[in-house]
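Okay, here's what each chain looks like letter by letter:
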Amino acid sequence: MLTEDKVTELFCIADDFCKFFDAMMEKYTLRSDKKRHYHRDSTMSKTEIMLIMILFHDSGYRCLKHFYLEKVCKHLRHLFPRVVSYSRFVELEKEMALPLTLFIKKALLGKCIGISFVDSTPLRVCRNLRIHIHKTFKGIAQRGKCSMGWFFGFKLHLICNEKGELLNFMITPGDIDDRKPLEYKDFVDFIYGKLVGDKGYISKHLFQRLFVDGIQLVTKLRSNMKGAVMKVADRILLRKRAVIETINDELKNIAQVEHSRHRSFDNFIVNTLGALAAYCCFPKKPSIAGERTWDKQLALF
């Protein structure tokens, strides 16, 4: 779990962002002439709610309610003196989707250094046997297929650099093709150099489209692609692609980005964003070991 000094530092960064966010919302939001308020303002700030969600996904707790009542309300009361009831916190949590998304995009993501890795991982919302009676994500989640078989839910598309830092992310229904997010300019806007993916990203049209934007898509070759030649440096990069698969594993097993206890779509989004933010704050991330040796290997080719 994050140390208290790291929590304080993260709180200061998030608080500065929330102040700027509130100022921009106040400036550009249209308001009616009526000044009647039907709901009182919360005693907890946006910064505190965002920080609690990040700490939950970094704590190892499996249940948000237990973490909030046992950890936050008792042991972390000196950091959060104005706590509210758990039911009220769940209501406030739903309002954090937009600010938390922008906070991750603007403050927590890494920078591209010429070599990037792309991959997708399924986010199951229920077991396959319960698809027909599932109601929470009815009409939103879709059936999809991955290397582990069929699932019902969403896909989390990630791009990371060789240091294990996230560069961008996107959430789509489970039936969306893995290559589709790469067609959006905003998803690969800050990417340059080589982008390494698996066989699911093979596409001549996508390769040409990314190449125009200064991105070389590197994938494994299929058995029917006779006569195709791959550079040795690209083969080395493909062996290093396990770094993003390790990120997916940490997101699911440590940050708990996937579980089947969601009661609303808003809570699903905030839970996913909290897990991504918690991973970005991990002090140690999976990366390509031995940077000097790695540079020497590429220099040979």
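Caption draft 1: Quick look at unusual backbone geometry. Its identity as a non-glycine residue notwithstanding, Q256 has a phi of 55°, on the positive side. Turning to its location among the elements, Q256 is positioned in the loop between α8 (242–253) and α9 (265–280). Judged by its relative accessible area of 3%, Q256 falls in the buried class.

Caption draft 2: Focus on the environment of I115. Following the sequence through the fold, I115 ends up in strand β1 (residues 115–124). Between the alpha carbons of I115 and K185 there is a distance of 18 Å; along the sequence they are 70 residues apart.

Caption draft 3: Seen up close, the packing of helix α3 (residues 64–75) against helix α4 (residues 86–93). One can describe the packing of α3 onto α4 by two numbers: an axis separation of 11 Å at closest approach and a directional angle of 120°. In this view, α3 runs oblique relative to α4, as classed from their interaxial angle. In the packing of α3 onto α4, the handedness of the crossing is right-handed. Contact with α3, carried on its side by L64, K65, Y68 and L69, involves Y86, F89 and E93 of α4 and no other residues of that element. Of the residues in the contact of α3 with α4, the class split is five nonpolar, no polar and two charged.

Caption draft 4: How the structure looks around the packing of aromatic side chains. This model, assessed by the stated rule, comprises 14 aromatic pairs. Ring centres of F137 and F154 lie 5.5 Å apart, and the angle between their planes is 80°; this geometry places the pair in the edge-to-face category. Of this pair, F137 sits in the loop between β1 and β2 (142–146) while F154 sits in strand β3 (residues 149–161), and the two are 17 residues apart along the sequence. We classify F137 as buried; its relative accessible area is 0%.

Caption draft 5: Molecular detail of the pairing of β3. Across the 13 residues that make up β3, a large majority, 11, are buried. Note that β3 and strand β4 (residues 166–173) share seven bridges and pair antiparallel. Its bridge partner lying in β4, K155 is registered against T172.

Caption draft 6: Main features of the layout of surface pockets. The space that makes up the second largest pocket amounts to roughly 480 Å³. What lines the second largest pocket is a set of 22 residues, among which D119, S120, C146, S147 and D198 lie closest to the centre. For the lining of the second largest pocket, the secondary structure elements donating two or more residues are β1, β2, β3 and α8. At five residues, β1 tops the list of elements feeding residues into the lining of the second largest pocket. Classifying every residue of the lining of the second largest pocket by side-chain character gives five nonpolar, five polar and 12 charged.

Caption draft 7: Structural context of the environment of F152. The residue F152 is located in strand β3 in this model. Take F152: its relative accessible area is 8%, and that puts it in the buried class. For the pair F152 and R124, spaced 28 residues apart in sequence, the C-alpha separation works out to 5.6 Å. Other than its neighbours up to four places away in sequence, F152 contacts L123, R124, V125, C126, N128, I131, H134, F137, A141, Q142 and R143.

Caption draft 8: Representation of the pairing of β1 in the model. Of all 10 residues making up β1, nine are buried, and the element is well covered by its neighbours. One ladder, built from three bridges, connects β1 with strand β5 (residues 193–196); its direction is parallel. Considered in β5, the bridge of I115 is made with K194. The sheet contact formed by β1 and β3 spans nine bridges and is antiparallel. Along β3, the bridge assignment pairs S116 with N161.

Here is what the cut-offs are and how they apply
- Residue numbering note: each chain is counted from 1, following its sequence as written.
- Given that this is a predicted model, residues contribute local features only at a pLDDT of at least 70 and side-chain atom pairs are listed and counted only at 80 or more, while totals for whole chains, interfaces and linings are drawn from all residues.
- Excluded from the side-chain calculations are hydrogens and water; all other atoms, namely the structure's heavy atoms, are used.
- Only DSSP runs of H or I with at least four residues qualify as helices, and only runs of E with at least two residues qualify as strands; both kinds are numbered from the N terminus onward.
- For the exposure calls, accessible area comes from a 1.4 Å probe over protein chains only, and a residue counts as buried if that area is under 20% of its type's maximum, exposed if over 50%, partly exposed in between.
- Throughout, an axis means a line fitted to C-alpha atoms (over the contacting stretch in the case of helices), and angles, computed between N-to-C directions, take values from 0 to 180 degrees.
- Roughly parallel refers to an angle under 35 degrees, roughly antiparallel to one over 145, roughly perpendicular to one between 65 and 115, and oblique to any angle outside these ranges.
- By definition, any crossing whose near helix is turned counterclockwise from its far helix by less than a right angle is left-handed, and any crossing with a clockwise turn is right-handed.
- Here, residues are in contact when the closest pair of their heavy atoms is within 4.5 Å.
- Side-chain classes follow a simple rule in which Ala, Val, Leu, Ile, Met, Phe, Trp, Tyr, Cys and Pro form the nonpolar group, Asp, Glu, Lys and Arg form the charged group, and the remainder, Gly included, forms the polar group.
- Here is the rule: rings of Phe, Tyr and Trp (six-membered ring for Trp) pair when centre to centre is within 6.5 Å. Planes less than 30 degrees apart are stacked, more than 60 are edge-to-face, and the remainder are tilted.
- Criterion used throughout: strands pair if DSSP finds at least two bridges between them.
- Residues are said to line a cavity or pocket when one of their atoms sits within 4 Å of a point; the points come from a 1 Å grid over protein atoms alone, cavities being sets where a 1.4 Å probe fits but cannot get out and pockets being open sets with protein on both sides within 12 Å along at least five of seven lines.
- Grid points are joined across faces, edges and corners, and a volume is the space filled by probe spheres set on the points.

Functional significance is not addressed by these values, which are geometric in nature.
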